[in-house]
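Per-entry structural report
Okay, here's what each chain looks like letter by letter:
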Amino acid sequence: MNTTVAAICTPQAAGGIAMIRISGPEAAAVAEKIFLPAGRKKISEMPGHTCAYGRVAALNGETLDDGVLTVFRAPKSYTGEDVVEITCHGGLYVSRRILREIIAAGAAPAGPGEFTKRAFLNGKLSLTQAEAVADIISAEGESALSSANMIRDGALFKAVKAMSQKLVEILSALAAWTDYPDEDIPETSPEEILTSLSAAERDLKRLADGYDAGMIFREGISCAIVGRPNVGKSTLMNSLLGYERSIVTSEAGTTRDVVEERLRIGDVILKISDTAGIREAVTEAERIGVRLAERAIDRAQLILAVFDGSEELSDDDKEILKKTDGLNRIVIINKSDLPQKLYKEYFSDKYILEVAAKSGAGVEKLKDAVYEMFGLSGAGGEIFANERQKACLDSAIGHIGEAISALRAGETLDAVTVCVDSAADDLLGLSGEKVTEAVVEDVFKRFCVGK
Ligand code: GDP
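Cut-offs used in this document
All residue numbers here refer to positions counted from 1 along the written sequence of the relevant chain. Two thresholds apply to this predicted model, a pLDDT of at least 70 for residue-level local features and 80 or more for giving and counting side-chain atom pairs, whereas whole-chain, interface and lining totals are computed over all residues. Neither water nor hydrogens contribute to the side-chain values; these are computed over all heavy atoms in the structure. A pair of strands counts as paired when DSSP detects no fewer than two bridges linking them. In this text, helices come from DSSP runs of H or I with a minimum length of four residues, and strands from runs of E with a minimum of two, each type numbered from the N-terminal end. Throughout this description, the term nonpolar core refers to a set of buried Ala, Val, Leu, Ile, Met, Phe, Trp, Tyr and Cys residues connected via side-chain atoms within 4.5 Å. Burial status follows relative accessibility: with a 1.4 Å probe on protein chains alone, a residue under 20% of its type maximum counts as buried, one over 50% as exposed, and anything between as partly exposed. Throughout, near means a residue has at least one heavy atom within 4 Å of the molecule or strand. Under the rule applied, a polar contact is a pair of N or O atoms within 3.5 Å (in protein, one hydrogen donor and one hydrogen acceptor; residues adjacent in sequence only if both atoms are side-chain atoms). Our arc is simply the arc of the directions from the helix axis toward the C-beta atoms. Paired rings are identified among Phe, Tyr and Trp, the last through its six-membered ring, by centres lying within 6.5 Å, and are further divided according to the angle between planes into stacked (under 30 degrees), edge-to-face (over 60) and tilted (the rest). Remark: a charge is flagged as sitting over a ring if the NZ atom of Lys or the CZ atom of Arg is within 6 Å of the ring centre and within 35 degrees of the ring normal. Under this rule, positive means Lys or Arg and negative means Asp or Glu; His and the chain ends count for nothing. Should a side-chain nitrogen of Lys or Arg be within 4 Å of a carboxyl oxygen of Asp or Glu, the pair is scored as a salt bridge. Two residues form a contact once any of their heavy atoms are found within 4.5 Å. One fewer than the residue count of a helix, multiplied by 1.5 Å, yields its expected span. The axes are straight lines fitted to the C-alpha atoms, using for helices just the contacting stretch, and the angles between their N-to-C directions are given from 0 to 180°. Oblique is the label for every angle not falling under 35 degrees (roughly parallel), over 145 degrees (roughly antiparallel), or within 65 to 115 degrees (roughly perpendicular). We call a crossing left-handed when the near helix sits turned anticlockwise from the far one by less than a right angle, and right-handed when that turn is clockwise. You can read pLDDT as the predictor saying how much it trusts each residue, on a scale of 0 to 100.

Moving on, we get to the sheet that holds strand S1 (residues 5–8). The sheet built from 7 strands is open, its strands ordered S3-S4-S5-S6-S2-S1-S7 with mixed pairing. Looking at which strands have only one partner, the edges of the open sheet turn out to be strand S3 (35–37) and strand S7 (108–109). In this structure, strand S2 (residues 17–23) lies alongside strand S6 (residues 83–89), joined through 7 bridges in antiparallel fashion. Bridging across to S6, Ser23 finds its partner in Val83.

The residue after Ala74, namely Pro75, is reached through a cis peptide bond having omega 0°. Locating Pro75 in the fold gives a position in the loop between strand S5 (63–72) and S6. One non-glycine residue, Arg40, lies in positive phi territory at about 60°. Mapped onto the elements, Arg40 comes out in the loop between S3 and strand S4 (50–57). Positive phi values are uncommon outside glycine, yet Asn230 reaches one of about 75°. Turning to its location among the elements, Asn230 is positioned in the loop between strand S8 (221–226) and helix H8 (233–244).

One finds Leu302, Ile330 and Leu366 to be the most contacted residues of the largest nonpolar core, which totals 33 residues. Counting only elements with at least two residues in this core, the list comes to helix H7 (190–219), S8, H8, strand S10 (259–265), strand S11 (268–272), strand S12 (302–308), strand S13 (329–334) and helix H13 (365–373). Judged by nonpolar contacts, the second largest core, of 32 residues, contains Val160, Met163, Leu393 and Ile404.

In this section: the pairing of S2. Taken across its 7 residues, S2 has 6 buried, putting it largely inside the fold. Both S1 and S2 contribute to a ladder of 4 bridges, which runs antiparallel. Across the sheet, the residue bridging to Ile8 is Ile20, located in S2.

In the neighbourhood of the ligand, 15 residues make up the surrounding shell, with Asn230, Lys233, Ser234, Thr235 and Asp337 lying closest. Ser234 is positioned such that a nitrogen or oxygen atom in its side chain is 2.5 Å from an oxygen atom of the ligand. The side chain of Lys335 places a nitrogen or oxygen atom 3.0 Å from an oxygen atom of the ligand. With 3 residues, the single largest contributor to the shell around the ligand is H8.

All right, on to helix H12 (residues 315–323) then. Every buried residue of H12 is accounted for by Asp317, Ile320 and Leu321. On an axial view of H12, the arc spanned by its buried residues comes to 100°, and they lie on one face. H12 presents Asp315 and Lys322 as exposed residues on the side facing more than 90 degrees away from its buried surface. The N-terminus of H12 is capped by Ser314, whose side-chain oxygen sits 3.3 Å from the backbone nitrogen of Asp316.

Attention shifts here to the packing of aromatic side chains. Taken as a whole, this structure holds 2 aromatic pairs when the rule is applied. Judged by centre distance (5.5 Å) and plane angle (80°), the rings of Tyr346 and Phe347 are edge-to-face. Of the residues examined, Phe347 reaches a relative accessible area of 8% and is grouped as buried. Lying over the aromatic face of Phe115, Arg21 brings its terminal NZ or CZ to 5.0 Å of the ring centre. Above the face of the Tyr371 ring, Lys367 is positioned so that its terminal group lies 4.9 Å from the ring centre.

To continue, consider the side chain of Asp65. Note that Asp65 resides in strand S5. Within the buried set, Asp65 has no salt-bridge partner at all; the shortest N-O distance to an opposite charge, 11 Å, is to Arg55. A polar side-chain atom of Asp65 sits 2.5 Å from a polar atom in the side chain of His89. If we skip the residues at most four places from it in the chain, Asp65 touches Arg55, Val56, Cys88, His89, Val94 and Ile98.

An α-helical segment advances 3.6 residues per turn. Residues three or four places apart therefore align on the same side. Spanning 30 residues, H7 covers 43 Å between terminal C-alpha atoms, matching the ideal 44 Å at 1.5 Å per step. Following H7 by one or two positions, Gly220 has its phi on the positive side, about 85°.

With that settled, consider the packing of helix H14 (residues 387–408) against helix H15 (residues 413–431). Geometry of a packed helix pair, given as the angle between the helix axes and the separation of the axes. Contact pair H14 / H15: the axes reach a minimum separation of 8 Å and the direction vectors enclose 165°. When the axes of H14 and H15 are compared, the pair comes out roughly antiparallel. Where H14 crosses over H15, the handedness of that crossing is left-handed. Counting all contacts with H14, which are made through Arg388, Gln389, Cys392, Leu393, Ser395, Ala396, His399, Ile400, Glu402, Ala403, Ala406 and Leu407, the residues of H15 involved are Leu413, Val416, Cys419, Val420, Ser422, Ala423, Asp426, Leu427, Gly429 and Leu430.

Relative to the elements of secondary structure, Leu125 occurs in the loop between helix H3 (114–121) and helix H4 (127–138). Leu125 gets classed as buried once you look at its relative accessible area, which sits at 15%. For the pair Leu125 and Gly80, spaced 45 residues apart in sequence, the C-alpha to C-alpha distance is 9.8 Å. Once residues within four sequence positions are removed from consideration, Leu125 is found in contact with Thr116, Ala119, Phe120, Ala130 and Val133.

Let us now look at the confidence of the model for the chain. Mean pLDDT over the chain stands at 82; residues scoring 70 or higher make up 81%. Overall, residues 243–258 carries pLDDT values under 50, and its contacts beyond four positions in sequence, including any with other chains, amount to 26 contacts.

Moving on, we come to the pairing of S5. Counting buried positions along S5 yields 7 of 10 residues, so the element is predominantly enclosed. Pairing geometry for S4 and S5, over 8 bridges, is antiparallel. What sits directly across from Arg55, in S5, is Asp66. Connecting S4 to the antiparallel partner S5 that follows it, the hairpin turn spans 5 residues, and Gly61 within it adopts a positive phi of roughly 95°. Strand direction decides the pairing type here: S5 and S6, joined by 5 bridges, are antiparallel. From the neighbouring strand, Leu69 faces S6, where its bridge partner is Ile86.

Next comes the structure, spelled out in structure tokens:
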């Protein structure tokens, strides 16, 4: 990796300030050709972490802008290489023109994610951390950001490393057995290896469960609130909004009157679809019949089915129950402040809440129900960022499973070793300690140019 590359790191839009980064062994030499420090300092002699104010000029001497240049010396830079960053005025034309001159001065244009890829290849951050950088850039909402940040902090990397370490211990125990079968090695026996493998399998599965929770924290839960008119759906929504005071966005969806509203309970975003259907005044028949079918019930990961506790179950209510049967449903018996005609016993659901949406009484229990339903309660820490990581983990679980079966079936320890070896490789692939170039290329393809 000896080329010197450059790219505009700030967004491709007009703004107050733009930053162009040059990274590679020739970074200072390239910068010297287009940046003239006011104090006539020589850029190639500037120590790391120092700045110079000066004039940005084209190779033909024409002044383009003035700006600040910062020097970072390898390995103390984002990429681990020599880095020069030029901060200039934020016009699109100006920054692109400067980049052109930098390229004419000898740098190559940086590819997508090239700076972060170099940082990874130079050991500045793990692959999971690099992936988290991409996630932070695209993070939508607080919980997505915090899970990406957690990964960047290396929690996942550490958990995976600890797991790899355990597998290495198992491998060395296996090696002791296969290499010195005649020796009496008291510490290990097939039973003990089986115990260790089972423990490893359990831990890996726990990490995999964390992935599903992680996806929910990152992506939110799509949710449909259903119920016949006047049971209190809008009141419930308002109560939920008021309860956490955290509408994240309220934006029009793709179809004209399908609105998606986002509200937060705990650390999870509920994406409530078709709130237009809830809020609009339409005829009763329309609301229950056609619109119910139209609603995103089947696509929703969570159904909040609302009933009026002060009234007996009507035919419409029963229809709604039938339509949402078997889905991830929480039954909400509303208006608990009024004399009750509807009781929990009527429903066979696991999750039934009695609330008074109007006063907000009982609404807070929804969080516990959602957390329990989606297995979020103990989640956190080593959240998985993406499908690639999950695939590595699943493969490792598969290989450990094979090792356990092989051991139980009395196959040779060599066969067991091969399986455990593959599982260890899977984990090294997950953390990026052992990945093919193709995987690295694929990961960084997702990045934008300039990161
Ligand atoms: P929607 O048609 O299902 O959206 O129902 P609304 O939210 O518009 O509520 C219908 C009526 O029920 C309104 O008059 C609300 O004030 C009332 N309501 C909603 N929740 C409660 C509650 O918890 N207790 C009582 N007593 N009335 C409620």
